[in-house]
Amino acid sequence: MLTIYIDFKEAAAFLAVEPTLSLAKRFDLDLVWRAYLCQDRDLPDRGADPAVVRSHEQARARAIRSTHQRYATLRGIDLRFPAECHNTDLALGALAQLSGGALPFVRQAFAAYWSEHLDLSRRDVVERLLDRSGDRGRVDLDAAPAALAAAQVEAEALGVVDAPAYAIDGQLFIGRQHLPWIGEIAGRLRAQT
């Protein structure tokens, strides 16, 4: 089994979906999708000029975005960042309630965020996604905040700090760049069965 922790607003998680599915198929892994709400964390203030700190943060953000766009281009994906970073809380709370068979909803939510640039914290948007994925009857949106809070506690207890994160064979990996290593572990596990 391979567990992947995602946040729909994270470009790295969006770009990890297809390679993760490919790896799961290649090694016949059951894939479990888990919600993890990524949050911006302030860097420690070490007495630096706030303008310099802000400038460095912006430079890092541009570099990360550029890296994601180059990777997307290499894979033939039209990655367009939304003008405004919308919340994903409600959709993640819905995902937290989907045990098994969450891929249709995951695909719908990522497409809504990255292609349509929709706010995944709006009830009408998430209801539409649940309808499209056939999961409407499996989720109670009133319970979504509590479900997300519980999922967040569980993920953080495992050491998840960003998305995508992967758990396999008692090990945690942060970032899609670890997929080759995860594949080695999956191959070893498969050979043992």
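Preceding this section is the structure that the text describes.
Here is what the cut-offs are and how they apply
- Residues numbered from 1 in each chain as written.
- Predicted model: local features only at pLDDT ≥ 70, side-chain atom pairs only at ≥ 80, totals over all residues.
- Heavy atoms only, no water.
- Helix = DSSP H or I, 4+ residues; strand = E, 2+ residues; numbered from the N terminus.
- Buried < 20%, exposed > 50% of the residue type's maximum accessible area, 1.4 Å probe, protein only.
- Lys, Arg positive; Asp, Glu negative; His and termini not counted.
- Salt bridge = Lys/Arg side-chain N within 4 Å of Asp/Glu carboxyl O.
- Contact = heavy atoms within 4.5 Å.
- Core = buried A, V, L, I, M, F, W, Y, C linked by side-chain atoms within 4.5 Å.
- Expected span 1.5 Å × (residues − 1).
- Arc of directions from axis to C-beta.

A few words now on the side chain of D119. With respect to the helices, strands and loops of the structure, D119 is situated in the loop between α4 (103–114) and α5 (123–133). One buried charged residue, D119, remains without a salt bridge, the closest side chain of opposite sign being R122 at 5.7 Å. Discounting residues that sit within four places of it in the chain, D119 has contacts with H86, N87 and V125.

Turning next to the environment of F81. By secondary structure assignment, the location of F81 is in the loop between α2 (50–74) and α3 (89–97). Separated by 110 residues in the primary sequence, F81 and A191 have C-alpha atoms spaced 41 Å apart. Residues in contact with F81, not counting those within four places in the same chain, are A11, R65, H68, Q69, W114 and H117.

One finds I6, F8, W33, L95, F105, F110 and L120 to be the most contacted residues of the largest nonpolar core, which totals 60 residues. When residues of this core are assigned to their parent elements, the largest contribution, 9 residues, is made by helix α1 (residues 11–26). Every residue in contact with L120, bar those within four places of it in the chain, is listed here: F8, N87, T88, D89, L90, A91, A109, A112, Y113, V125, V126 and L129.

What follows deals with helix α7 (residues 179–192). In a regular helix each residue adds 1.5 Å, so 14 residues correspond to 20 Å; α7 covers 20 Å between its end C-alpha atoms and thus fits that length. Listing the buried residues of α7 in full gives L179, I182, G183, I185 and A186. Projected down its long axis, α7 shows its buried positions confined to an angular sector of 165 degrees, all on one face. The exposed set on the far side of α7, more than 90 degrees from its buried face, consists of P180, E184, A191 and Q192. Buried residues belonging to α7 abut β1 (2–6), α1, β3 (165–168) and β4 (171–174).

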